[in-house]
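# Structure assessment
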Amino acid sequence: MEQHVPADLHGVEPPRRHRRLGRSASPYLLGAPAIVWLAVFFVIPLVTMLSLSIQTCDSITLACKLTWHFAEFPNIIGRYNDTFVRSLVYAGAATVAALVVAFPVTYWIAFRAKRKNFFLLMLLVPFFVSFVIRTTAWYTLLADQGTILSTLKNLHLVPESFHVLATPLAVIGGLAYNYLPFTALPLYVALERIDRRVMEASHDLYATRRVAFTHVVLPLAVPGIFAAFLLTFVPAAGDYVNAAILGGTNTVMIGQVIQNKFLEAADYPAASALSTVLLVLMLVGIAAYAKFLGSRTIEEYV
Amino acid sequence: MTEIDVRLERVSKFFGDVPAVDDLSLDIAEGEFFSLLGPSGCGKTTTLRMIGGFEDPSLGTVYLGGRDVTDLPPYRRDVNTVFQSYALFPHLDVFENVAFGLRRKKVGGKDIGQRVRDAMSLVDLEGFEKRKPTQMSGGQQQRVALARALVNRPKVLLLDEPLGALDLKLRKQMQLELKRIQEEVGITFIYVTHDQEEAMTMSDRLAVMRHGQIEQIGAPELVYESPATEFVAGFLGASNLLDGELVRNQSDVATVRLSTGQDIHFPASKVPSDIDTLVKVGVRPEKISIEADEGEPPAGANWVSGLLRIATYIGVSHQYKVEGPGGTELTVYVQNLGAEEAPAPGRKVRLTWRPEHTFIVKPSAALSPEEEEE
């Protein structure tokens, strides 16, 4: 702490104290690991990606050169317009589904359960298993000759031609399932933070359970819903595993196209341009979302 | 007194096997400022919460205005609460906080505006309507909580240590304010506190609770001047208690013989009917005069001799700690009139008081450490 010395005590300015260099540098020193990390793993790849999207590459040697070739953008937007829309629709549907599934569960854990940590752990345990294995497990479960469908077909509850794999439903379901922890945890944190005494106060002020839920719990959970939406929607929109394993030719998502262009076709400029478009779409979407919800509310709670 | 507003009939509340409230009966009259006073864990908050509907009594019946409300949820009771932590809605501004109850009762928009403004002016918070609770000080939040409850014009207002989080000066100011507001709106206040001074300042009547039961109930003066038990005597301000034996209880003067053989006299009317021979006699510190132990003790007064151990000057008064009969520590407050020279520690002194200032109580079980804390 700096001591407060009244200036001009005897008409003479007291000697100014110099802060030691270490102290003024300490915020930067503490921030250094994060700054280096972001520079190496975020800024450099991002700049590389942006720059690649306007380069031209030799198809045989793969040597690329900055040519300010913007034509790739209208080209891929025209070609993959449908895929972009499909990705956003699937991600949105999956996020809504995950919210619908996660909200009652987290509400129950936060408000009613006695052993909160146990039930929260139970909710998360499946996700300790690898992402790809979980998705493959769903493939096995939903397969046309899998246990579920063959049982239903034997019972004549569904027609013989019925199938789930390779349909949008399978992909959306897979996305909703795989990103559930990203939905459930922010929701749980928001619900857990609601003061139980505020709930009592609402009952004291004639709110029935239902009114207390719609007028107190839900508004106070909005920041959690917002965070859950972002954390689920953003990765789901760029996902390529679910569509690749559970989907078919009609359910191709933009993540699959990028992966294909990058790893198989080695069309780096196109892959980069697709990624850039996805990035911009996400940023515009989030900005609109924040505007709609009011950034003040977000700052207050997040 | 007028009509009975709140009646608890043989109410008990168990948490597991532990009784928090133990066979308690209580009548509170309409328009009364009633306090439940006691150390933490005495059951006062549980009692309040049962009136509010936040706890179901394990046994017994709760009546509000003559109606059995035992099984009604809080939102069906014509009672509002000011919570200890205020429990304001963080997502609503002050206006909407105060209007919350009115909106639930489907009061018209115009009326809501008027009633919220009236409530805000009652608690001196005009112009704060657009603030969020987090942008206000503790004292202001407290006033919002009060306005939010009063605006509904409940039959009974429950207050659960509402001043507990405020600093001393603000607390004193709010005590007077609460009393003013209660007189202005004229509704029944039930006030829970562990602060005996707070309870005495505001209450028409108060109940001192311990172990889930009421030890004594009555006007503050009565409970202070004539405590029924050793616990009440000790909880309501400092008291000096001496062990003795009730020897004569006839005509209009009763006598207790101290272990030293000395007799203490007092009006027979002060002897409780259900008392044994082993008793404690007491006197409040401010009722005692202290002087050098010389000459004849004054006739007709009660007195004991002792050794002055500590003399403390605290401005408005002098405080003395005296080692009395049988080593009992006695406290004396003497108003600082500046007339006499204060006695010095180490001297033999005589403590004198009038018989009518003496009280007699049943010995209570010793205080548990949790009770001592407060």
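Residues numbered from 1 in each chain as written. Chains lettered and ligands numbered in written order. Predicted model: local features only at pLDDT ≥ 70, side-chain atom pairs only at ≥ 80, totals over all residues. Heavy atoms only, no water.

This part covers the domain arrangement of chain B. Size of an interface, as often reported, equals the accessible area lost when the parts are brought together. Residues and elements named next belong to chain B. With domains assigned, chain B is organised as domain 1 (4-225) and domain 2 (230-373). Distance from the C-alpha centre of domain 1 to the C-alpha centre of domain 2: 37 Å. At the interface, 16 residues of domain 1 touch 16 residues of domain 2. Where domain 1 abuts domain 2, roughly 1300 Å² becomes buried across the two surfaces, and 58% of that area is made up of carbon and sulfur atoms. The largest share of the area that domain 1 buries against domain 2 comes from Arg-210, Tyr-224 and Glu-225, three residues that together contribute 46% of it. Applying the counting criterion to the domain 1 and domain 2 interface returns 1 salt bridge. Notably, a salt bridge pairs Glu-225 with Lys-287, separated by 2.9 Å at the nearest N-O pair. (Domains from an automatic or database assignment. Contact = heavy atoms within 4.5 Å. Buried area = accessible area lost by both parts, 1.4 Å probe. Salt bridge = Lys/Arg side-chain N within 4 Å of Asp/Glu carboxyl O.)

Moving on, we come to the sheet that holds strand S16 (residues 302-313) of chain B. All names here are of chain B. The 5 strands are arranged S15-S19-S16-S17-S18 in an open sheet whose pairing can be described as antiparallel. Taken across any chain shown, the strands that pair with only one partner, and hence form the sheet edges, are strand S15 (289-292) and strand S18 (329-335). Adjacent strand axes in the sheet meet at a mean angle of 45 degrees, parallel and antiparallel pairs treated alike. (Pairing = 2+ DSSP bridges. Helix = DSSP H or I, 4+ residues; strand = E, 2+ residues; numbered from the N terminus. Axes fitted to C-alpha atoms, helices over the stretch in contact; angles between N-to-C directions.)

Time to look at the pattern of salt bridges. Between side chains of opposite charge, pairing is possible as soon as their charged atoms come close. Residue and element names in this part refer to chain B. Here the structure, examined in full by the defined rule, presents 29 salt bridges over all chains. Where Glu-32 meets Arg-205, a salt bridge forms, and the shortest distance between an N and an O atom there is 2.4 Å. Of this pair, Glu-32 sits in the loop between strand S2 (18-29) and strand S3 (33-37) while Arg-205 is found in strand S9 (residues 205-210), placing the two residues 173 residues apart along the sequence. Judged by its relative accessible area of 2%, Glu-32 falls in the buried class. On the accessibility criterion, Arg-205 (21% relative accessible area) is partly exposed. The salt bridge involving Lys-130 is made with Asp-93; its shortest N-O contact spans 3.6 Å. Note that Lys-130 is positioned in the loop between helix H3 (109-122) and helix H4 (138-150) and Asp-93 in the loop between strand S6 (79-82) and helix H2 (94-104), a separation of 37 residues in sequence. (Buried < 20%, exposed > 50% of the residue type's maximum accessible area, 1.4 Å probe, protein only.)

On to the interface of chain A and chain B, then. Taken together, the 19 residues of chain A in the interface contact 23 residues of chain B. Contact between chain A and chain B buries roughly 1900 Å² in total, counting both sides, with carbon and sulfur atoms accounting for 63%. Looking only at chain A, the three residues that lose the most surface to chain B are Asp204(A), Leu205(A) and Tyr206(A), adding up to 40% of its buried area. On inspection of chain A and its partner chain B, the count reaches 1 salt bridge. Two residues, Arg49(B) and Glu200(A), come together in a salt bridge whose shortest N-O distance is 2.6 Å. Remark: the boundary between chain A and chain B carries 8 residue pairs in polar contact (both at pLDDT 80 or more). Residue assignment for the side of chain A that touches chain B shows that the elements contributing at least two residues are helix H8 (196-204), helix H9 (209-238) and helix H13 (295-301) of chain A. Looking at the side of chain A that touches chain B, the element that brings in the most residues is H8(A), giving 7 residues. (Polar contact = N/O pair within 3.5 Å; in protein donor to acceptor, adjacent residues only side chain to side chain.)

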